[in-house]
Protein chains: 6
Amino acid sequence: MTEDINTQTDTKHSDNENQSPDTELTHVNADGDAQMVDVGAKPDTNRRASARGEIELTQTTVDAVRDNEIGKGDVLATARIGAIQAVKHTWETIPMCHQIPITNVDTVFDLHETAVELRVTVETTGKTGCEMEALEGVTTGLNVIWDMVKAAEKDDAGQYPKTAITNIEVVNKQKQTET
Amino acid sequence: MTEDINTQTDTKHSDNENQSPDTELTHVNADGDAQMVDVGAKPDTNRRASARGEIELTQTTVDAVRDNEIGKGDVLATARIGAIQAVKHTWETIPMCHQIPITNVDTVFDLHETAVELRVTVETTGKTGCEMEALEGVTTGLNVIWDMVKAAEKDDAGQYPKTAITNIEVVNKQKQTET
Amino acid sequence: MTEDINTQTDTKHSDNENQSPDTELTHVNADGDAQMVDVGAKPDTNRRASARGEIELTQTTVDAVRDNEIGKGDVLATARIGAIQAVKHTWETIPMCHQIPITNVDTVFDLHETAVELRVTVETTGKTGCEMEALEGVTTGLNVIWDMVKAAEKDDAGQYPKTAITNIEVVNKQKQTET
Amino acid sequence: MTEDINTQTDTKHSDNENQSPDTELTHVNADGDAQMVDVGAKPDTNRRASARGEIELTQTTVDAVRDNEIGKGDVLATARIGAIQAVKHTWETIPMCHQIPITNVDTVFDLHETAVELRVTVETTGKTGCEMEALEGVTTGLNVIWDMVKAAEKDDAGQYPKTAITNIEVVNKQKQTET
Amino acid sequence: MTEDINTQTDTKHSDNENQSPDTELTHVNADGDAQMVDVGAKPDTNRRASARGEIELTQTTVDAVRDNEIGKGDVLATARIGAIQAVKHTWETIPMCHQIPITNVDTVFDLHETAVELRVTVETTGKTGCEMEALEGVTTGLNVIWDMVKAAEKDDAGQYPKTAITNIEVVNKQKQTET
Amino acid sequence: MTEDINTQTDTKHSDNENQSPDTELTHVNADGDAQMVDVGAKPDTNRRASARGEIELTQTTVDAVRDNEIGKGDVLATARIGAIQAVKHTWETIPMCHQIPITNVDTVFDLHETAVELRVTVETTGKTGCEMEALEGVTTGLNVIWDMVKAAEKDDAGQYPKTAITNIEVVNKQKQTET
């Protein structure tokens, strides 16, 4: 077999890291089909991403979380584990994501008067960034909190008039400069 | 086998559907340990839950989604499938959730000027509600959109100053009246 | 909770079992978006589906499988387990599939002169048919055989000029008559 | 990367893919037990594999796929995502497969008069080949198409007399020569 | 569809609950091939199983667990969640297991002088028993404890001379008497 | 591999909770929260771990396993595959585990008069040890044996008075000395 893999050509237009203009990206996927981005020519690099978000709860519920009196048990420990597992599963949850080696996950909860804030920081040594992993950690961790406080947040009609997950952002995305 | 399970006793204090006062819930899990709720005595019932949320994007990106010109391809079709799969996987993503039979998932996207809104409605015939399934569908679907538009949303420093997932709520939760 | 779900209305147009004309189906999904079919109003029924297919191999390889001399070990036992697991995972492998209770899986291998034939029969008590489960069992079981005989089937260039998986069909699909 | 793809070299250096005599393989697994192949001493190498196959459908169904009028919605987008996810899950679907880093997946559908053809190309930087990943992508993608067109392909007895998945082959397997 | 499934015939020999003599079981699987047991004709019944086991640790480690001072954090909360998730995943971890609806999981840890004991009770409303689910909960929960205390249990040579998981038993298996 | 395995050196370099005294470890996780250990700065190294355990069975059952006459079929082939799959899934089964590249899994069963012994050896080229993977392989493999011999081990009351999984240990943990 004499075919070459010309990864030069393969990867020229397929860097989903850099801030390439839409035109270039559009050229790469001219047919508009969903497809993974070729990361084969990218170097393994230390990367880190932090995301954050919060769940709005009644003050009574936040107090209960603080006092760890919520019926379902240790709310934050469960949310922490749910967040870490979600980070590790991002490659299958987000269809176009690659599986990258996760080297570290850090989860920090802050309890405010009527909200619980979660910040998840993910580190990888892989070929592509890990902001999606951090976002999956935040949204899943906040969903777990919701699940753990359902009985406390529901009104008499079984609805959640005051509960909301909001302000989910990527706080920071870093890549070790290649020297 | 002559031993008999007195489910009457088993389930007296374990309805996680009703709006039981914290005290009762606290009594059930007096030690504060995380544990699943016993749903063994609950009847199978038709239940439905709708959740919604939105991702804030630049107008250029929303236009690109609308025109299906985003580099990674069919953004909404991929987000729809990601949302449906997340609904089906909620029992493993949310540690204390039971696995319930999902009979229907409906996903609706609305494109606004600088945001994409997603509403996910889930139906089940199971023993417990499906609002967590709907929330997982919404947060995952919106995360998939973020993943699909990464290159378009990143600034020159590779950050996401304008992208956010916000206002995630349970719109409605219903249970067929038992007649 | 006083809201009532009128499943009559919900499910009028959503039977994906019957041989409804395309027009009706098209009407249900007029926007052409991928979505699950609502099976909430369908009764639980005993259903069975059988699928079959074959992998073409060199006579030497089939003999080796027969003599259980393939380097990687017990080819058919591994393929059988791979097939059964694939049946159970169909709900996550095929995006629009529902998860249905699998009550029985039967796998039969027939060794021919230059092919191994696999027939998988699946039974469920669920609300929708299980032919996709049977097909997933057949294609995965045959892929496992391919994996187990790779070294025997490759030519000097590391290619597979004679190996092929072919003639995958749904042999039979049954539903217990409701009486 | 401008190195030649020399599968001659490939097969020489890839001890669990090479065409070693049964005696050698037998020696490796003298007891005939299923076991993974030790790839610990293999170098990380750029590898690529392409597989293809087709699903035979009625002309009416192929036209409907072409016109994207199939009831269940966007057939090809769903099949594409199902294929990509199957590629990433091969390490758990095929019991003896190793998990390797997938760097790229390319899916191409060709619509013929009475068939849809799917070609999946997978690239990895791992220690072993990715033809099983390509095959899993093809068989799953074709199964997803079957699932999406079920209502259109079924006859009045609910059977599939004309539907078949066939001619699944590994088109090409390459490895970058080590220089 | 006029074909009728005679489940009477189907299931005559396939009860894996009762204490059938080997001869009958052997007859069912005369070819000795691994296969699932047909549970299609079994009624849905309330079932419960309890399993228990213990991990032997140094007294220092048990004290650290008690004082929640282990470096990796909340040992028991993590083990509890690991156990519950393992219960829910038994259908894919144990190849021949059916997926059954888990209605309740109860986990109890007892700290002894040089051991941590775990008892897991599982309840289902399904067609087959749940002792495998209880065993998976116990073995996984104890493995999680091991993972959490690795640094405390390792000796200077990085070995675990005193750590062991032992005495894993099914304490009790019940089925609601059908009246 | 001709490098000598020096477990002495191993401990000096391979403690993935760093070789800090408990006090320092406590300091690292002063808040006692569960979290992954940062392995980002650790080198990729050849590592190996062996674990073992046994399941106590009646002599009749062991004989049946030996004669492969157990009703459910090939007990050891199924247990072997269950063990290998469990090794590969350890990163999701044990919440705080990292996903590491598994390069080899070796499973050895020994049949004693009233017990079946299983030894699982795992090799990785990753940044952290693989003893948890070996333990998961052993406990899952033994659980699969239990599942396969259920009908033979149950007494007339459907209980398991003589069945137990016991003496699960990490036999050996090694790391290639860095030269």
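Calculation criteria
Residues numbered from 1 in each chain as written. Chains lettered and ligands numbered in written order. Predicted model: local features only at pLDDT ≥ 70, side-chain atom pairs only at ≥ 80, totals over all residues. Heavy atoms only, no water. pLDDT = per-residue confidence, 0-100. Salt bridge = Lys/Arg side-chain N within 4 Å of Asp/Glu carboxyl O. Buried < 20%, exposed > 50% of the residue type's maximum accessible area, 1.4 Å probe, protein only. Helix = DSSP H or I, 4+ residues; strand = E, 2+ residues; numbered from the N terminus. Axes fitted to C-alpha atoms, helices over the stretch in contact; angles between N-to-C directions. Left-handed = near helix turned anticlockwise from the far one by under 90°. Contact = heavy atoms within 4.5 Å. UniProt positions renumbered as here; feature names shortened; annotations may be inferred. Polar contact = N/O pair within 3.5 Å; in protein donor to acceptor, adjacent residues only side chain to side chain. Pairing = 2+ DSSP bridges. Core = buried A, V, L, I, M, F, W, Y, C linked by side-chain atoms within 4.5 Å. Disulfide = S-S within 2.5 Å. Parallel < 35°, antiparallel > 145°, perpendicular 65-115°, else oblique. Nonpolar A, V, L, I, M, F, W, Y, C, P; charged D, E, K, R; others polar. Least-squares fit on C-alpha atoms with pLDDT ≥ 70 in both.

Caption draft 1: Representation of the confidence of the model for chain A in the model. When pLDDT is averaged along chain A, the result is 82, and 77% of the positions lie at 70 or above. The ipTM, which scores confidence in the relative placement of chains, is 0.84 for this predicted complex, and the corresponding pTM is 0.86.

Caption draft 2: The arrangement of the pattern of salt bridges in detail. For the coordinates displayed, the defined rule picks out 42 salt bridges over all chains. Residues A:Asp147 and A:Lys150 are paired through a salt bridge, measuring 3.2 Å at the closest nitrogen-oxygen approach. Just as A:Asp147 is buried, A:Lys150 falls in that class too. Ionic pairing is found between C:Arg48 and C:Glu123, a salt bridge with its closest N-O pair at 2.9 Å. One end of the pair, C:Arg48, is in strand 1 (residues 47–56); the other, C:Glu123, is in strand 3 (residues 115–124), and 75 residues separate them in sequence. Given the relative accessible area of 16%, C:Arg48 is considered buried. By relative accessible area, C:Glu123 is classed as buried at 11%.

Caption draft 3: Fine view of the packing of helix 4 (residues 75–88) of chain C against helix 6 (residues 131–148) of chain C. Residues and elements named next belong to chain C. The geometry of helix 4 relative to helix 6 is characterised by a closest axis approach of 7 Å and an angle of 150 degrees between their N-to-C directions. Here helix 4 runs over helix 6; the crossing is right-handed. Contacts between helix 4 and helix 6 involve Val75, Leu76, Thr78, Ala79, Gly82, Ala83, Ala86 and Val87 from the former and Glu133, Glu136, Gly137, Thr140, Gly141, Val144, Ile145 and Met148 from the latter.

Caption draft 4: Highlighting the UniProt feature "active site" (unreviewed entry) in chain A. What UniProt calls "active site" (unreviewed entry) maps, in this numbering, to A:Asp147. By relative accessible area, A:Asp147 is classed as buried at 1%.

Caption draft 5: Looking closely at the environment of C:Tyr160. Turning to its location among the elements, C:Tyr160 is positioned in the loop between helix 7 (150–153) and strand 4 (164–175). Each C-alpha atom of the pair C:Tyr160 and C:Ala41 lies 48 Å from the other, and the pair is 119 residues apart in sequence. Apart from the residues lying within four places of it in its own chain, the contact partners of C:Tyr160 are C:Trp146, C:Lys150, C:Glu153, C:Lys154, D:Glu131, D:Val170 and D:Lys173. A distance of 2.4 Å separates polar atoms of two side chains, one belonging to C:Tyr160 and the other to D:Glu131.

Caption draft 6: Region of interest: the sheet that holds strand 3 of chain C. Read from one edge to the other, the open sheet built from eight strands follows the order 2(C)-3(C)-1(C)-4(C)-4(D)-1(D)-3(D)-2(D), with strand pairing classed as antiparallel. Every other strand in the sheet has two partners, leaving strand 2 (102–111) of chain C together with strand 2 (102–111) of chain D as the edge strands with one partner each. Pairs of neighbouring strands in the sheet enclose a mean axial angle of 15 degrees, with direction left out of account. Along the sheet, helix 4 (residues 75–88) of chain D makes contact with strand 2 and strand 3 (115–124) of chain D, crossing strand 2 of chain D at roughly 145 degrees. Its contacts with the sheet place helix 6 (residues 131–148) of chain D against strand 4 of chain C together with strand 1 (47–56), strand 2, strand 3 and strand 4 (164–175) of chain D, and it is angled at close to 25 degrees to strand 1 of chain D.

Caption draft 7: A look at the UniProt feature "binding site: substrate" (unreviewed entry) in chain A. Taking the numbering used here, the UniProt-annotated feature "binding site: substrate" (unreviewed entry) corresponds to A:Met96, A:Cys97, A:His98, A:Met132 and A:Glu133. The annotated residues occupy 38 residues of the chain but converge on a single region, no pair of C-alpha atoms lying more than 12.5 Å apart. The residue A:Met96 is located in the loop between helix 4 (75–93) and strand 2 (102–111) in this model. Relative accessible area serves as the criterion here: at 1%, A:Met96 is assigned to the buried category. Counting through the fold element by element, A:Cys97 comes out in the loop between helix 4 and strand 2. Aside from chain neighbours lying at most four places away, what touches A:Cys97 is A:Met36, A:Thr90, A:Trp91, A:Met132, B:Asp147 and D:Lys88.

Caption draft 8: Quick look at the nonpolar core. The biggest cluster of nonpolar side chains holds 241 residues, and the ones touching the most others in it are A:Ile145, B:Ile145, C:Ile145, D:Ile145, E:Ile145 and F:Ile145. Apart from residues lying up to four places away in sequence, C:Ile145 is in contact with C:Ile55, C:Leu57, C:Val75, C:Leu76, C:Ala79, C:Phe109 and C:Val116.

Caption draft 9: Geometry of the side chain of E:Asn143. Its location among the elements puts E:Asn143 in helix 5 (residues 131–148). For E:Asn143, the residues in contact, after removing those within four places along its chain, are E:Ile165, F:Ile94, F:Met132, F:Leu135, F:Glu136 and F:Thr139.

Caption draft 10: Fine view of the pairing of strand 3 (residues 115–124) of chain A. Residue and element names in this part refer to chain A. Most of strand 3 sits out of view: nine of its 10 residues are buried. Pairing geometry for strand 1 (residues 47–56) and strand 3, over 10 bridges, is antiparallel. Its bridge partner being in strand 3, alanine 51 is matched across the sheet by valine 120. As paired strands, strand 2 and strand 3 are joined by nine bridges and run antiparallel to one another. Among the inter-strand pairings, leucine 111 is bridged to a residue of strand 3, identified as valine 116. Hairpin geometry of strand 2 and strand 3 is characterised by an intervening segment of three residues between the two adjacent antiparallel strands.

Caption draft 11: Up close: the environment of D:Pro101. Residue and element names in this part refer to chain D. Note that proline 101 resides in the loop between helix 5 (90–93) and strand 2. Note: C-alpha distance between proline 101 and valine 138 (37 residues apart in sequence) is 19 Å. If near-sequence neighbours (up to four positions away) are discounted, proline 101 is found in contact with Glu123, Thr124, Thr125 and Gly126.

Caption draft 12: Broad picture of the state of the cysteines. Residue and element names in this part refer to chain A. Within the structure shown, the criterion is met by zero disulfides over all chains. Cysteine 130 supplies the cysteine sulfur nearest to cysteine 97, a cysteine that is in no disulfide, at a spacing of 11 Å. On the accessibility criterion, cysteine 97 (6% relative accessible area) is buried.

Caption draft 13: The packing of helix 4 of chain C against helix 4 (residues 75–93) of chain F, seen in detail. Helix 4 of chain F packs onto helix 4 of chain C with a crossing angle of 60 degrees between their chain directions and a minimal axis gap of 10 Å. Overall, the two elements helix 4 of chain C and helix 4 of chain F adopt an arrangement that is oblique. The two elements helix 4 of chain C and helix 4 of chain F meet at a crossing, and its hand is right-handed. Taking contact as the criterion, the partners of C:Ala77, C:Thr78 and C:Ile81 in helix 4 of chain C are, on helix 4 of chain F, F:Ala77, F:Thr78 and F:Ile81. Across the contact of helix 4 of chain C with helix 4 of chain F, the residue classes break down as four nonpolar, two polar and no charged.

Caption draft 14: Region of interest: the relation of the copies chain C and chain B. Between the two copies, chain C and chain B, the superposition gives an RMSD of 0.0 Å; the rotation angle is 120 degrees and the shift along the axis is 0.0 Å. With respect to symmetry, the two chain copies, as superposed, fit the operation of a three-fold axis. Across chain C, the rotation axis passes nearest the C-alpha of C:Pro101, at a separation of 5.3 Å. Interface overlap between copies is the fraction of interface residues in one copy that are interface residues in the other; for chain C against chain B it is only 12%, indicating separate surfaces.

Caption draft 15: Inspection of unusual backbone geometry at higher detail. Located in the positive-phi region is B:Asn167, a residue other than glycine, with phi close to 55 degrees. Within the secondary structure layout, B:Asn167 lies in strand 4 (residues 164–175).

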